[in-house]
Protein chains: 2
Amino acid sequence: MHNCHTHNACIETALEAAVVICDDGGLRFTKLRRAVLELVWTSHGPIKAYDILDQLDSSIASVTPPTVYRALDFLLENGLVHKLSSLNAYVGCSHPHRHHECYFLICTGCGEAMECCNSGLVDAVALTGRQNNFKPKSITLEITGECGDCQGRH
Amino acid sequence: MHNCHTHNACIETALEAAVVICDDGGLRFTKLRRAVLELVWTSHGPIKAYDILDQLDSSIASVTPPTVYRALDFLLENGLVHKLSSLNAYVGCSHPHRHHECYFLICTGCGEAMECCNSGLVDAVALTGRQNNFKPKSITLEITGECGDCQGRH
DNA sequence: TCTAAAATGTTATAATATAACATAATGAGA
DNA sequence: TCTCATTATGTTATATTATAACATTTTAGA
């Protein structure tokens, strides 16, 4: 599903965006946080916390769960990564500067998750909120299925 | 958020519906499965697997995790309950006879989850699938926020 | 009744996440 | 520059969620 032939470029772009966002927001983009974000982006698909832990360079930080979860919390809070609840896994946000509501197409074939922003969907959610006198705060929308590439591979 | 003044009636209705569905499908609605479904329905909000475990009558089944997870798996597979991934919790399906795509409004105030079926939302998901050449199989859509009742309580 | 399949029992452990408290690094104001 | 409050990280332990693997029991149909 992924279409970046030079994934290194994606990673670099994401890290640079993170630097800008943290600078602008007075946030500290520490070595650890950078390392975790880089691992998230280096993974082509959603990555699990304990896989990040396994891959974390011990010269950067203590390789224990709180280390990773704290870094992930920071990245989540500041819109740099998303958590996919249905997988207990994490993905980099592909447009962190404009972190509006988005959703994910998760392919069971290749394991990748495509981040989408479709105003139709978001509008439908907002409408449903109004109809039910419900005030939405956060949305988890994860669509599991098969991407185009994987449908062809049967 | 919930509007059933006689929640006992909800529970009874749900259990009766389950009997019909299982009979029709040649499925075995055992004592254990019935007990677990009843506990799910008895809880006003989404309930966690280990809370079910705590409440499970030891005269009905062995009070161990596999017991509960197997029963939940059965109920999930047959559309009698839903799992809310964002909470790791379970709720009874309120229209198990017509188990189409639905979604949840989860109130952070009262902890309840309202099950909704809005064709607009489902259509928007289908459309987004087509636009991305993606074949959806299952949808996780959980909207967290505040229900009308709880908005008033400030 | 016999038997295969389904359900449940049982024990252990995997996978995911947080609590609680200690130490270190940072940066803003004196 | 020094101080010190804040933020970040280290460390240990444990809570929470879920499954593996194999044994036994129950069930429905031949």
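Cut-off values and rules
Residues numbered from 1 in each chain as written. Chains lettered and ligands numbered in written order. Predicted model: local features only at pLDDT ≥ 70, side-chain atom pairs only at ≥ 80, totals over all residues. Near = placed C-beta within 6 Å. Helix = DSSP H or I, 4+ residues; strand = E, 2+ residues; numbered from the N terminus. Nonpolar A, V, L, I, M, F, W, Y, C, P; charged D, E, K, R; others polar. Domains from an automatic or database assignment. Contact = placed C-beta atoms within 7 Å. Least-squares fit on C-alpha atoms with pLDDT ≥ 70 in both. Expected span 1.5 Å × (residues − 1). Pairing = 2+ DSSP bridges. Axes fitted to C-alpha atoms, helices over the stretch in contact; angles between N-to-C directions. Core = buried A, V, L, I, M, F, W, Y, C linked by C-beta atoms within 7 Å. Buried ≥ 20, exposed ≤ 12 C-beta atoms within 10 Å, placed from the backbone. Parallel < 35°, antiparallel > 145°, perpendicular 65-115°, else oblique.

Section: the protein's contact with DNA strand D
Then, in step 1: The environment of DNA strand D is formed by 19 residues, the closest being Thr-30, Leu-32, Ala-61 and Pro-66 of chain A together with Pro-65 of chain B.
Then, in step 2: Ranked by residue count, the leading element in the surface near DNA strand D is helix α4 (residues 65-77) of chain A, at five residues.
Then, in step 3: A class-by-class count of the residues in the surface near DNA strand D yields 10 nonpolar, five polar and four charged.

Digging into the domain arrangement of chain A
Residues and elements named next belong to chain A.
Then, in step 1: Partitioning chain A into domains gives domain 1 (7-94) and domain 2 (103-152).
Then, in step 2: Measuring from the centre of the C-alpha atoms in domain 1 to the corresponding centre in domain 2 gives 22 Å.
Then, in step 3: In this assembly, nine residues from domain 1 lie in contact with nine residues from domain 2.
Then, in step 4: Taken together, the residues of the side of domain 1 that touches domain 2 sort by class into four nonpolar, five polar and no charged.

Describing the relation of the copies chain A and chain B
Then, in step 1: Note on the identical chains: chain A maps onto chain B by a rotation of 180 degrees and an axial translation of 0.0 Å, with an RMSD of 0.0 Å. The two molecules are tied by a two-fold rotation axis, judged by turn and shift. Nearest to the rotation axis, the C-alpha of Leu-141 of chain A is located 2.2 Å from it, this being the minimum over chain A.
Then, in step 2: A share of 100% of the interface residues of chain A reappears at the interface of chain B, consistent with the copies meeting face to face through the same patch.

Here we look at helix α1 (residues 7-25) of chain B
Then, in step 1: The first and last C-alpha atoms of α1 of chain B sit 27 Å apart over 19 residues, in line with the 27 Å expected at 1.5 Å per residue.
Then, in step 2: Backbone geometry just downstream of α1 of chain B places Gly-26 of chain B in the positive-phi region, at approximately 65 degrees.

Some thoughts on the protein's contact with DNA strand C
Then, in step 1: Surrounding DNA strand C, one finds 19 residues, the nearest of these being Thr-30, Leu-32, Ala-61, Ser-62 and Pro-66 of chain B.
Then, in step 2: Elements with a contribution of two residues or more to the surface near DNA strand C: α3 (49-55) and α4 of chain A together with α2 (31-42) and α4 (65-77) of chain B.
Then, in step 3: Here the surface near DNA strand C gets five residues from one element, more than from any other, and that element is α4 of chain B.
Then, in step 4: Its residues assigned to classes, the surface near DNA strand C comprises 10 nonpolar, five polar and four charged.

Points about the sheet that holds strand β3 (residues 103-107) of chain A
Then, in step 1: What the six strands build is an open sheet, ordered β4(A)-β3(A)-β5(A)-β5(B)-β3(B)-β4(B); its pairing is mixed. Two strands lie at the open edges of the sheet, namely β4 (113-116) of chain A together with β4 (113-116) of chain B, each paired on one side alone. Taking the axes of each pair of neighbouring strands and ignoring which way they run, one obtains an average angle of 20 degrees across the sheet.
Then, in step 2: Here strand β3 (residues 103-107) of chain B pairs with strand β5 (residues 135-146) of chain B via four bridges, running parallel. Bridged to Phe-104 of chain B within β5 of chain B is Glu-142 of chain B.
Then, in step 3: Against the sheet, helix α5 (residues 119-131) of chain A contacts β3 and β5 (135-146) of chain A together with β4 and β5 of chain B, and its axis sits at roughly 135 degrees relative to β5 of chain A.

What to know about the interface of chain A and chain B
Then, in step 1: Contact residues are listed per partner, giving 31 residues for chain A and 31 residues for chain B.
Then, in step 2: Those elements that place two or more of their residues in the side of chain A that touches chain B are β4, α5, β5 and α6 (148-152) of chain A.
Then, in step 3: By residue number, the principal contributor to the side of chain A that touches chain B is β5 of chain A, which donates 12 residues.
Then, in step 4: When the residues that make up the side of chain A that touches chain B are grouped by side-chain class, the tally is 13 nonpolar, 14 polar and four charged.
Then, in step 5: As paired elements, β5 of chain A and β5 of chain B share 11 bridges and run antiparallel to each other. The partner of Gly-145 of chain A across the bridge, within β5 of chain B, is Pro-136 of chain B.

Here's the deal with unusual backbone geometry
Then, in step 1: Positioned with a positive phi, Asn-88 of chain A is a non-glycine residue whose angle comes to about 50 degrees.
Then, in step 2: If you trace the backbone, Asn-88 of chain A turns up in the loop between β1 (81-84) and β2 (89-92).
Then, in step 3: Even without a glycine there, the phi angle at Asn-133 of chain B is positive, about 55 degrees.

Looking at the nonpolar core
Then, in step 1: Grouped together as the largest cluster of nonpolar side chains are 76 residues, with contacts concentrated most on Val-36 and Val-40 of chain A together with Val-36 of chain B.
Then, in step 2: Filtering out sequence-adjacent residues up to four positions away, Val-36 of chain A remains in contact with Ile-52, Val-68, Ala-71, Leu-72 and Leu-75 of chain A.

Some words on the environment of Ile-21 of chain A
Residues and elements named next belong to chain A.
Then, in step 1: Among the secondary structure elements, Ile-21 is positioned in helix α1 (residues 7-25).
Then, in step 2: Between the C-alpha atom of Ile-21 and that of Leu-105, which follows or precedes it by 84 residues, the distance is 26 Å.
Then, in step 3: Residues contacting Ile-21, with those up to four places away along its chain left out, are Asn-78, Pro-96 and His-97.

Some words on the packing of helix α2 (residues 31-42) of chain A against α4 of chain A
Each pair of packed helices can be summarised by the angle the axes make with each other and by the distance between the axes.
Residues and elements named next belong to chain A.
Then, in step 1: Interaxial distance between α2 and α4 falls to 9 Å at its minimum, and their mutual angle equals 80 degrees. Between α2 and α4, the interaxial angle falls into the category roughly perpendicular. For the pair α2 and α4, the contacting residues are Leu-32, Arg-33, Val-36 and Leu-37 in the first and Thr-67, Val-68, Ala-71, Leu-72, Phe-74 and Leu-75 in the second.
Then, in step 2: Grouping the amino acids of the contact of α2 with α4 by side-chain chemistry returns eight nonpolar, one polar and one charged.

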